[in-house]
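Here is how the chains run, residue by residue.
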Amino acid sequence: MYHRPASPNGKQWALGGDTFVVGCQIPSEAVVFPEFNELNPDMSDPRYNTECGIYEPHCGIDKLMFAWGHDEYMYRMLVGNNTTLPREALDMIRYHSAYPWHDKGAYKHLMAPDDEERIEWVKLFNRFDLYTKDEENDLKLDELWPYYKNLCEKYGLGGKLKW
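Residues numbered from 1 in each chain as written. Predicted model: local features only at pLDDT ≥ 70, side-chain atom pairs only at ≥ 80, totals over all residues. Heavy atoms only, no water.

## Brief notes about a nonpolar patch on the surface
There is a patch of nonpolar side chains on the surface, built from Leu139, Leu141, Leu144, Trp145, Tyr147, Tyr148 and Leu151 and spanning about 650 Å² of accessible area. Here Leu151 lies in helix H5 (residues 141-154). (Patch = residues over 30% accessible without salt bridge, like charges linked within 9 Å, V, L, I, M, F, W, Y side chains within 5 Å. Areas by Shrake-Rupley, 256 points an atom, 1.4 Å probe, with all protein chains shown as cover. Salt bridge = Lys/Arg side-chain N within 4 Å of Asp/Glu carboxyl O. Helix = DSSP H or I, 4+ residues; strand = E, 2+ residues; numbered from the N terminus.)

Have a look at this one:
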């Protein structure tokens, strides 16, 4: 784990954005700044600019490809290191920035029946994610480290990791 100190002006130094499904139409009502959707070359490609695009209806969330972001990177790092985290935890990590899906109701036509339960876990996690970070915290990382180290070891992530 690495903790990056705040930038000199105390503001967040980088942003992570909502992720969306690639390979099908970007839902205008479910993404931030939909006016820029038309600049995406995929939106003028008939393979990708329909409601289902390259996907079969109700194929399931795991069959969808999302725009690359920190969620997918962390998910793949965990899986690549053979974590024993349960599927619900991996879903929370992988899909927490997929706001068009879990917050705006987009992609229902691509969901499989078991995705309904999975989306509830992601929503539960998100109550503690976005806009919950305390800029004025006084975390003592040396005191917290043993707790998180034990969690890493419990879920097969102790020792050297592949990044």
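## Structural notes on the nonpolar core
Residues Val21, Leu64, Phe66, Tyr95, Trp101, Tyr107 and Leu110 are the most contacted members of the largest nonpolar core, which totals 17 residues. Ignoring anything within four residues of it in the chain, the contact list for Leu64 reads Val21, Tyr55, Cys59 and Leu110. If you look at the next biggest cluster of nonpolar residues, it comprises 8 residues, including Tyr75, Met77, Leu78 and Ala89. (Core = buried A, V, L, I, M, F, W, Y, C linked by side-chain atoms within 4.5 Å. Buried < 20%, exposed > 50% of the residue type's maximum accessible area, 1.4 Å probe, protein only. Contact = heavy atoms within 4.5 Å.)

## Points about the packing of aromatic side chains
Using the criterion set out here, one finds 3 aromatic pairs in the structure. Taken together, a centroid distance of 5.6 Å and an interplanar angle of 55° make the contact between Phe66 and Tyr95 tilted. Linking Phe66 in strand S2 (residues 65-66) with Tyr95 in helix H2 (residues 87-95), this pair joins segments that are 29 residues apart in sequence. Here the two residues Phe66 and Tyr95 agree in accessibility, since each one is buried. The interplanar angle of 85° and the centroid separation of 4.9 Å between the aromatic rings of Tyr147 and Tyr148 together place this pair among those described as edge-to-face. What makes Tyr148 partly exposed here is its relative accessible area of 35%. Chaining the aromatic ring pairs together yields one cluster made of Phe66, Tyr95 and Trp101. (Phe/Tyr/Trp six-rings, centres within 6.5 Å; stacked < 30°, edge-to-face > 60°.)

## Some details on the environment of His58
If you trace the backbone, His58 turns up in the loop between strand S1 (21-22) and S2. If sequence neighbours within four positions are ignored, His58 has contacts with Lys108, His109, Leu110, Met111 and Ala112. Only 3.0 Å separates the side chain of His58 from the backbone oxygen of Met111, close enough to count as a polar contact. (Polar contact = N/O pair within 3.5 Å; in protein donor to acceptor, adjacent residues only side chain to side chain.)

## Notes on unusual backbone geometry
In this structure, Asn82 takes a positive phi of about 55° despite not being glycine. Examined against the element boundaries, Asn82 turns out to sit in the loop between helix H1 (70-80) and H2. One non-glycine residue, Tyr107, lies in the positive phi region at around 70°. The topology assignment puts Tyr107 in the loop between helix H3 (99-102) and helix H4 (115-126).

## Remarks on the state of the cysteines
Cysteine pairs can be covalently joined through their sulfur atoms, and such a bond is termed a disulfide. For the coordinates displayed, the defined rule picks out 0 disulfides. No disulfide involves Cys52; its nearest neighbouring cysteine sulfur is the one of Cys24, lying 7.6 Å away. (Disulfide = S-S within 2.5 Å.)

## What to know about the packing of H1 against H2
Two numbers describe how H1 lies on H2: the axes approach to 7 Å, and their chain directions differ by 145°. Together, Asp71, Glu72, Met74, Tyr75, Arg76, Leu78 and Val79 of H1 and Leu90, Ile93, Arg94 and Tyr95 of H2 make up the contact between the two elements. (Axes fitted to C-alpha atoms, helices over the stretch in contact; angles between N-to-C directions.)

## Considering the confidence of the model for the chain
Scored by pLDDT, the chain comes out at a mean of 85, with 87% of its residues at no less than 70. Mean pLDDT per element in the chain: H3 is the minimum at 90, and H2 is the maximum at 95. The model gives residues 1-15 a pLDDT under 50, and that stretch makes 6 contacts with residues more than four places away or in other chains. (pLDDT = per-residue confidence, 0-100.)

## Description of H1
Inspection of H1 places Asp71, Glu72, Tyr75, Met77 and Leu78 among the buried residues, and these make up the whole buried set. Where H1 is buried, its residues meet H2. In the segment just after H1, Asn82 is the residue with positive phi, at about 55°.

## Quick word on the pattern of salt bridges
Working definition: two side chains of opposite charge can pair if their charged atoms are close together. Applying the stated criterion across every chain, the model contains 12 salt bridges. Between Arg87 and Asp114 there is a salt bridge, with its nearest N and O atoms 2.9 Å apart. Of this pair, Arg87 sits in helix H2 while Asp114 is found in the loop between H3 and H4, placing the two residues 27 residues apart along the sequence. One network of salt bridges, in which partners are shared, links Asp62, Glu72, Arg76, Arg87, Asp91, Arg94, Asp114, Asp115 and Arg118.

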